[in-house]
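Descriptive analysis of the structure
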Protein chains: 2
Amino acid sequence: MPADPMPADPVAAEPMTAEPAPRPLTRIQKRNIDAILEAALEVFSAQGFRGATLDQIATAAGLSKPNLLYYFPSKEAIHLELLNSLLDDWLAPLREMRATGEPRDEIMRYMRRKLEMSRAMPRESRLFANEILQGAPRMAGTLAVDLKALVDDKAAIIRGWAAAGKIAPVDPHHLLFSIWALTQHYADFDVQVRAVLGPGHDPFAEAEPFLDTLFERLLRP
Amino acid sequence: MPADPMPADPVAAEPMTAEPAPRPLTRIQKRNIDAILEAALEVFSAQGFRGATLDQIATAAGLSKPNLLYYFPSKEAIHLELLNSLLDDWLAPLREMRATGEPRDEIMRYMRRKLEMSRAMPRESRLFANEILQGAPRMAGTLAVDLKALVDDKAAIIRGWAAAGKIAPVDPHHLLFSIWALTQHYADFDVQVRAVLGPGHDPFAEAEPFLDTLFERLLRP
DNA sequence: CCTGATGCTGACCGTTCGGTCAAACGACCC
DNA sequence: GGGTCGTTTGACCGAACGGTCAGCATCAGG
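Throughout, a residue's number is its position along its own chain's written sequence, starting from 1. Throughout, the order in which chains and ligands are written sets their labels, letters from A for the former and numbers from 1 for the latter. Given that the model is predicted, a residue must reach a pLDDT of at least 70 before its local features are reported, and side-chain atom pairs must reach 80 or more before they are shown or counted; all residues, however, enter totals for whole chains, interfaces and linings. The basis for every side-chain value is the complete set of heavy atoms in the structure, and neither hydrogens nor water enter the calculation.

Focus: helix α9 (residues 190–197) of chain A
Within an α-helix, residues lying three or four positions from one another point in the same direction, as the helix has 3.6 residues per turn. Extensive coverage of α9 of chain A is indicated by the burial of 6 of its 8 residues. Residues of α9 of chain A that are buried: Asp-190, Gln-192, Val-193, Ala-195, Val-196 and Leu-197 of chain A. Among the structural elements, α6 (122–133), α8 (172–188) and α10 (203–219) of chain A together with α6 (122–133), α7 (140–163) and α8 (172–188) of chain B are those in contact with the buried residues of α9 of chain A. Helix numbers and strand numbers start at the N terminus; a helix is a DSSP run of H or I with at least 4 residues, a strand a run of E with at least 2. A positive backbone phi angle near 80 degrees is found at Gly-198 of chain A, which sits one or two residues after α9 of chain A. Between buried and exposed lies partly exposed: a residue is buried under 20% and exposed over 50% of the maximum accessible area for its type, with that area taken using a 1.4 Å probe on protein chains only. Between two residues, a contact is recorded if the distance between any of their heavy atoms is within 4.5 Å.

Regarding the domain arrangement of chain A
Residues and elements named next belong to chain A. Bear in mind that the domain bounds are from an automatic or database domain assignment. Domain boundaries assigned for chain A yield domain 1 (25–73) and domain 2 (79–219). Each partner contributes residues to the interface: domain 1 has 10 residues there, and domain 2 has 10 residues. Summing both sides of the interface, domain 1 and domain 2 together bury roughly 940 Å²; the carbon and sulfur share of this comes to 69%. By buried area we mean the combined loss of accessible area, with a 1.4 Å probe, across both parts when two parts are placed together. For the domain 1 face of the interface with domain 2, the top three residues by lost area are Leu-41, Ser-45 and Phe-49, together amounting to 55%. Each salt bridge in this description consists of a side-chain nitrogen of Lys or Arg and a carboxyl oxygen of Asp or Glu lying within 4 Å of one another. Across the domain 1-domain 2 interface, the total number found is 2 salt bridges. Between Glu-38 and Arg-123 there is a salt bridge whose closest N-O contact spans 2.8 Å. Polar contact is defined as a pair of N or O atoms within 3.5 Å, subject to the rule that within protein one atom must be able to donate a hydrogen and the other to accept it, and that residues adjacent in sequence are counted only when both atoms are side-chain atoms. Where domain 1 meets domain 2, there are 2 residue pairs in polar contact (both at pLDDT 80 or more). Ten residue types, Ala, Val, Leu, Ile, Met, Phe, Trp, Tyr, Cys and Pro, are classed as nonpolar, four, Asp, Glu, Lys and Arg, as charged, and the remainder, Gly among them, as polar. Residues that form the side of domain 1 that touches domain 2 fall into these classes: 6 nonpolar, 2 polar and 2 charged.

A look at the interface of chain B and chain A
Counting residues at the interface gives 52 residues for chain B and 52 residues for chain A. Scanning the region where chain B abuts chain A turns up 0 salt bridges. Where chain B packs against chain A, one counts 12 residue pairs in polar contact (both at pLDDT 80 or more). Of all the secondary-structure elements, those providing two or more residues to the side of chain B that touches chain A are α1 (27–51), α6, α7, α8, α9 (190–197) and α10 (203–219) of chain B. The element that contributes the greatest number of residues to the side of chain B that touches chain A is α8 of chain B, accounting for 12 residues. Of the residues assigned to the side of chain B that touches chain A, the class counts are 28 nonpolar, 15 polar and 9 charged.

Things to note about the relation of the copies chain B and chain A
Least-squares fitting of chain B to chain A yields an RMSD of 0.0 Å, with the superposition described by an axial translation of 0.0 Å and a rotation of 180 degrees. On the angle and the small slide along the axis, the relation comes out as a two-fold axis. Copy-to-copy superposition: least squares on the C-alpha atoms, limited to residues that have pLDDT of at least 70 in both copies.

Some points on the protein's contact with DNA strand D
Surveying the vicinity of DNA strand D reveals 19 residues, the closest of which are Gln-29, Ser-64 and Tyr-71 of chain A together with Leu-54 and Lys-75 of chain B. Residues are counted as near a molecule or strand when any one of their heavy atoms sits within 4 Å of it. For DNA strand D, the fraction of atoms within 4 Å of the protein that belong to sugar or phosphate moieties is 59%. Gln-29 of chain A is positioned with one of its side-chain polar atoms (N or O) 2.9 Å from a phosphate oxygen of DNA strand D. Looking at the surface near DNA strand D, the elements that each hand over two or more residues are α1 (27–51) and α3 (65–71) of chain A together with α3 (65–71) of chain B. Examining the composition of the surface near DNA strand D, we find that 4 residues originate from one element, α3 of chain A, more than from any other.

Details of the UniProt feature "domain: HTH tetR-type" (unreviewed entry) in chain A
In the numbering adopted here, UniProt assigns the feature "domain: HTH tetR-type" (unreviewed entry) to residues 30–90 of chain A. Spanning residues 30–90 of chain A, this segment combines 87% helix with 0% strand, and its end C-alpha atoms are found 22 Å apart. UniProt positions are given in the numbering used here, feature names are shortened, and annotations may be inferred rather than shown by experiment.

Remarks on the packing of aromatic side chains
Aromatic pairs are defined between Phe, Tyr and Trp rings, using the six-membered ring for Trp, whenever the two ring centres lie within 6.5 Å; interplanar angles under 30 degrees are classed as stacked, those over 60 as edge-to-face, and all others as tilted. For the coordinates displayed, the defined rule picks out 12 aromatic pairs over all chains. With a centroid separation of 6.2 Å and an interplanar angle of 85 degrees, the aromatic rings of Tyr-186 of chain A and Phe-177 of chain B are classed as edge-to-face. Of this pair, Tyr-186 of chain A sits in helix α8 while Phe-177 of chain B sits in helix α8, each in a different chain. Pair check on accessibility: Tyr-186 of chain A and Phe-177 of chain B agree, each one buried. A network of ring pairs unites the aromatic residues Phe-177 and Trp-180 of chain A together with Tyr-186 and Phe-204 of chain B as a single cluster. Over a ring means this: the NZ of a Lys or the CZ of an Arg is within 6 Å of the ring centre and within 35 degrees of the ring normal. Its guanidinium or amino end placed over the ring of Phe-49 of chain B, Lys-75 of chain B lies 4.7 Å from that ring's centre, counting from NZ or CZ. Directly above the ring of Phe-49 of chain B sits Arg-138 of chain B, whose terminal nitrogen or CZ lies 4.1 Å from the centroid.

See the structure below:
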């Protein structure tokens, strides 16, 4: 009988307080866990949490359902792991906004990076949109603490820029909301945008100059 | 045996081609059908289609599940009836945009009405948001035909205003997208907005002057 | 007060879903 | 080639869900 009664949760035992044995991941573990998270992102983002089934995720990952549950203890755990591991990437562009940069450049760069993320990562956008739409039952805490802290921090920077006359005096929080709303709209409501535009359009390519103009005019002192 | 084998579908037999008997609704029918649609709006908008259960809707409507299914043939039918009966109200503000009005006034009025609808009808907004997010499986046709026709019509008007120099030259479709995105964001992502702002804020009250400024600056020739 | 149509319900059904388990498989090392 | 540990699976389970049905309750009109 081994000292450590595996197979208890190959994931998640990683960035915690001093654990007895971090136990590095097997090649097979890494491959399968990655496949599961990729498949789960595909299914959860398209169907929502309740709409997705373990069989769909297992099939998309090329595994059987029991095998999937060998790597994750529950459907909920997969969803949570997805949300937590993707949140950092999702907020990275905002984190990179620097008080020392040129104000208009910093904001415009942030907006463009967010639009690019909506284009390149629509599934992640829809995953979060689904979660927030349902009232953020699994993220309310994170939003009210971590996200709020980050946003308040950047809002203070923006407020400083406005006070110094570098940009027009706008409400910093709602400026950020408007960037989120406008960029994520093209990912979350993609089918509606394409239905309205009709064939032969590239929504993101058209959105870029439009949003450039919009925010240029809004921010010009 | 009566000529008309009721109780076949108290709803829906109304604005069709010449039917044998429109059969007016009983007081009880009207009351219960209204209660069901109200309850279904509450539940579907909060949980999505798959996340909602007939028991939840029945309980919220103060009925038993079989009784609910006496008035509607299926869960799908309730959802469809909701979407169709609410779509008109949802698009009404856009329909009222007049080519004969003052361009800036017309657009600003539309934006304000949309924001007001997000404030007063957040459940409807989330119902549609859920549907679009999942790829609009039940509305793709309507979007590509009816909505596209309406939008193209209004886009032509806006394009005319821009060509006449009444407003700044902006892409009309993306102008409408930006109005949708910015106003519906406050309904659909309400929990996130409130989590970030913290207590003691009225998101919609703050959004109004911000969006006023934003669109004033965007549209000024 | 009778009667037929409308309104309502408890019990039930088949399916789907999240999750479990004992057993088998397979790769690697002695 | 035998033991071991990580990996995989078929079969199964209980709960939840959408939906059905036979029969009872209620109501309006004569």
